[in-house]
Amino acid sequence: VFGRIDHIGVAVDDLDGAVAHYRDRLGMREQHRERIEEFGVDAVLLEIGDGHVELLAPLSADSGVGRFLESRGPGLHHVAYQTDDIDSALESVRAAGIELIDDSPRAGIRSSRVAFLHPKSTGGVLTELVEPAH
Ligand code: CO
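Criteria and thresholds
- Residues numbered from 1 in each chain as written.
- Predicted model: local features only at pLDDT ≥ 70, side-chain atom pairs only at ≥ 80, totals over all residues.
- Heavy atoms only, no water.
- Donors = N, O, S within 2.8 Å, 3.2 Å for Na, K, Ca; no water.
- Tetrahedral: all angles 85-135°; square planar, octahedral: opposite > 155°, others 65-115°.
- Helix = DSSP H or I, 4+ residues; strand = E, 2+ residues; numbered from the N terminus.
- Buried < 20%, exposed > 50% of the residue type's maximum accessible area, 1.4 Å probe, protein only.
- Polar contact = N/O pair within 3.5 Å; in protein donor to acceptor, adjacent residues only side chain to side chain.
- Contact = heavy atoms within 4.5 Å.
- Pairing = 2+ DSSP bridges.
- Axes fitted to C-alpha atoms, helices over the stretch in contact; angles between N-to-C directions.

Undergrad: Can you walk me through the coordination of the cobalt ion in this structure?
TA: Ideal values differ by geometry: the angle at a metal is 109.5 degrees with four tetrahedral donors, but 90 or 180 degrees with six octahedral donors. For the cobalt ion, the full set of protein donor atoms is His7 (NE2), Glu54 (OE), His78 (NE2) and Glu128 (OE), and the range of their distances to it is 2.1 to 2.2 Å. One can describe the donor arrangement at the cobalt ion as irregular, given that its four donor atoms subtend angles of 84 to 171° at the metal. Sequence spacing of the donor residues for the cobalt ion, all on one chain, is H-x46-E-x23-H-x49-E. Of this pair, Glu54 sits in strand S4 (residues 51-58) while Glu128 is found in strand S8 (residues 127-131), placing the two residues 74 residues apart along the sequence.

Listed below in C-alpha coordinates is the structure:
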(Lines give C-alpha, C1' and ligand atoms only; values in the text may rest on other atoms or scores of the structure.)
Protein backbone atom coordinates (compact mmCIF):
# COMPACT_ATOMS: atom_id res chain seq x y z
CA VAL A 1 0.00 0.00 0.00
CA PHE A 2 2.73 2.44 0.98
CA GLY A 3 5.70 3.26 -1.21
CA ARG A 4 8.72 5.07 0.11
CA ILE A 5 8.80 7.78 2.73
CA ASP A 6 7.97 10.99 0.86
CA HIS A 7 8.85 13.49 3.55
CA ILE A 8 8.94 14.28 7.22
CA GLY A 9 7.09 17.36 8.42
CA VAL A 10 8.75 19.73 10.87
CA ALA A 11 6.84 22.46 12.69
CA VAL A 12 8.74 25.75 12.90
CA ASP A 13 7.87 29.18 14.26
CA ASP A 14 10.33 31.07 12.01
CA LEU A 15 10.21 29.74 8.45
CA ASP A 16 13.00 31.86 6.98
CA GLY A 17 15.19 31.20 10.00
CA ALA A 18 14.61 27.48 9.63
CA VAL A 19 15.35 27.59 5.89
CA ALA A 20 18.62 29.43 6.63
CA HIS A 21 19.51 26.90 9.33
CA TYR A 22 19.05 23.90 7.03
CA ARG A 23 20.83 25.64 4.14
CA ASP A 24 23.79 27.09 5.99
CA ARG A 25 24.43 24.36 8.55
CA LEU A 26 23.15 21.22 6.85
CA GLY A 27 23.54 22.06 3.17
CA MET A 28 19.92 21.33 2.27
CA ARG A 29 18.41 23.39 -0.50
CA GLU A 30 14.96 24.99 -0.63
CA GLN A 31 13.17 23.38 -3.56
CA HIS A 32 9.62 24.60 -3.26
CA ARG A 33 7.60 27.10 -1.21
CA GLU A 34 3.84 27.27 -1.04
CA ARG A 35 1.04 28.70 1.09
CA ILE A 36 -1.51 25.96 1.75
CA GLU A 37 -4.65 27.70 2.99
CA GLU A 38 -6.41 24.37 3.47
CA PHE A 39 -3.98 23.51 6.27
CA GLY A 40 -3.26 27.05 7.44
CA VAL A 41 0.48 26.85 6.78
CA ASP A 42 3.35 28.21 4.77
CA ALA A 43 5.39 25.20 3.67
CA VAL A 44 8.91 24.81 2.31
CA LEU A 45 10.29 21.60 0.85
CA LEU A 46 14.01 20.91 1.27
CA GLU A 47 15.61 18.29 -0.94
CA ILE A 48 17.21 15.28 0.73
CA GLY A 49 17.94 12.35 -1.56
CA ASP A 50 14.70 11.05 -3.05
CA GLY A 51 12.64 12.66 -0.31
CA HIS A 52 12.06 15.94 1.44
CA VAL A 53 11.92 17.70 4.71
CA GLU A 54 8.73 19.79 4.83
CA LEU A 55 9.02 22.85 7.04
CA LEU A 56 5.64 24.09 8.25
CA ALA A 57 4.94 27.50 9.75
CA PRO A 58 1.38 28.31 10.87
CA LEU A 59 -0.62 31.17 9.34
CA SER A 60 -2.53 31.54 12.60
CA ALA A 61 -2.37 30.31 16.18
CA ASP A 62 -5.58 28.28 15.83
CA SER A 63 -4.38 26.20 12.87
CA GLY A 64 -3.28 22.62 13.49
CA VAL A 65 0.40 23.49 13.32
CA GLY A 66 -0.21 26.63 15.41
CA ARG A 67 -1.77 24.52 18.17
CA PHE A 68 1.07 21.98 17.88
CA LEU A 69 3.66 24.75 18.37
CA GLU A 70 1.73 26.15 21.31
CA SER A 71 1.63 22.85 23.15
CA ARG A 72 4.88 21.17 22.08
CA GLY A 73 7.12 23.78 20.52
CA PRO A 74 9.05 23.43 17.26
CA GLY A 75 9.99 19.93 16.17
CA LEU A 76 9.02 16.77 14.35
CA HIS A 77 5.36 16.96 13.33
CA HIS A 78 4.55 14.08 10.97
CA VAL A 79 5.85 11.41 8.62
CA ALA A 80 4.44 11.07 5.11
CA TYR A 81 4.36 7.93 2.98
CA GLN A 82 3.94 8.04 -0.74
CA THR A 83 1.26 6.02 -2.47
CA ASP A 84 0.23 5.65 -6.13
CA ASP A 85 -3.43 5.40 -5.23
CA ILE A 86 -4.50 7.24 -2.11
CA ASP A 87 -8.13 6.16 -2.39
CA SER A 88 -7.28 2.46 -2.15
CA ALA A 89 -4.57 3.15 0.45
CA LEU A 90 -7.17 4.89 2.64
CA GLU A 91 -9.55 1.96 2.19
CA SER A 92 -6.80 -0.44 3.25
CA VAL A 93 -5.86 1.40 6.41
CA ARG A 94 -9.53 1.95 7.27
CA ALA A 95 -10.17 -1.78 6.84
CA ALA A 96 -7.18 -2.44 9.12
CA GLY A 97 -8.91 -0.46 11.87
CA ILE A 98 -6.79 2.67 11.65
CA GLU A 99 -8.63 5.80 12.70
CA LEU A 100 -8.53 8.49 10.01
CA ILE A 101 -8.39 12.24 10.44
CA ASP A 102 -9.32 12.68 6.78
CA ASP A 103 -12.03 10.35 5.49
CA SER A 104 -11.24 11.47 1.98
CA PRO A 105 -8.15 13.04 0.42
CA ARG A 106 -7.52 16.78 0.55
CA ALA A 107 -5.45 19.04 -1.67
CA GLY A 108 -1.85 19.12 -0.49
CA ILE A 109 1.42 20.70 -1.53
CA ARG A 110 2.36 20.75 -5.24
CA SER A 111 -1.13 19.62 -6.28
CA SER A 112 -0.76 16.33 -4.43
CA ARG A 113 -3.64 14.56 -2.72
CA VAL A 114 -3.07 13.90 0.98
CA ALA A 115 -4.82 12.39 3.99
CA PHE A 116 -3.82 12.12 7.64
CA LEU A 117 -4.18 9.11 9.92
CA HIS A 118 -4.87 9.69 13.60
CA PRO A 119 -1.83 9.33 15.87
CA LYS A 120 -4.00 7.39 18.35
CA SER A 121 -3.97 4.58 15.78
CA THR A 122 -0.33 4.84 14.74
CA GLY A 123 1.62 4.65 17.97
CA GLY A 124 1.64 8.39 18.51
CA VAL A 125 3.05 9.27 15.07
CA LEU A 126 0.94 11.67 13.03
CA THR A 127 1.00 9.92 9.65
CA GLU A 128 0.23 11.35 6.22
CA LEU A 129 -0.42 9.57 2.94
CA VAL A 130 0.61 11.44 -0.21
CA GLU A 131 -0.36 10.74 -3.79
CA PRO A 132 1.85 13.02 -5.88
CA ALA A 133 0.35 14.92 -8.82
CA HIS A 134 0.67 12.82 -11.95
CO1 CO B 1 3.32 16.70 4.99
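Now that the structure has been shown, we can carry on.
Undergrad: How do you make sense of the side chain of His7 when you look at a structure like this?
TA: Tracing the chain through its elements places His7 in strand S1 (residues 5-11). For His7, a relative accessible area of 2% translates into the label buried. A distance of 3.2 Å separates the side chain of His7 from the side chain of His78, its partner in a polar contact. Looking at His7, its side chain comes within polar contact range of the side chain of Glu128, at 3.0 Å. Setting aside chain neighbours within four positions, we find His7 in contact with His52, Glu54, His78, Val79, Ala80, Glu128 and Val130.

Undergrad: Explain the sheet that holds strand S5 (residues 75-82) to me, please; I cannot follow it from the model alone.
TA: Hydrogen bonds between backbone groups are what pair the strands of a sheet, and the pairing can be parallel or antiparallel. Read from one edge of the open sheet, eight strands run S2-S3-S4-S1-S5-S8-S7-S6, paired in mixed fashion. In the strand order of this sheet, the two ends are held by strand S2 (30-36) and strand S6 (106-107), each with one partner. Here two bridges tie S6 to strand S7 (residues 113-117), and the two strands are oriented antiparallel to one another. Paired with Arg106 across the bridge in S7 is Val114. Seen against the sheet, helix H3 (residues 86-95) touches S7 and S8 and runs at an angle of roughly 10° to S7.

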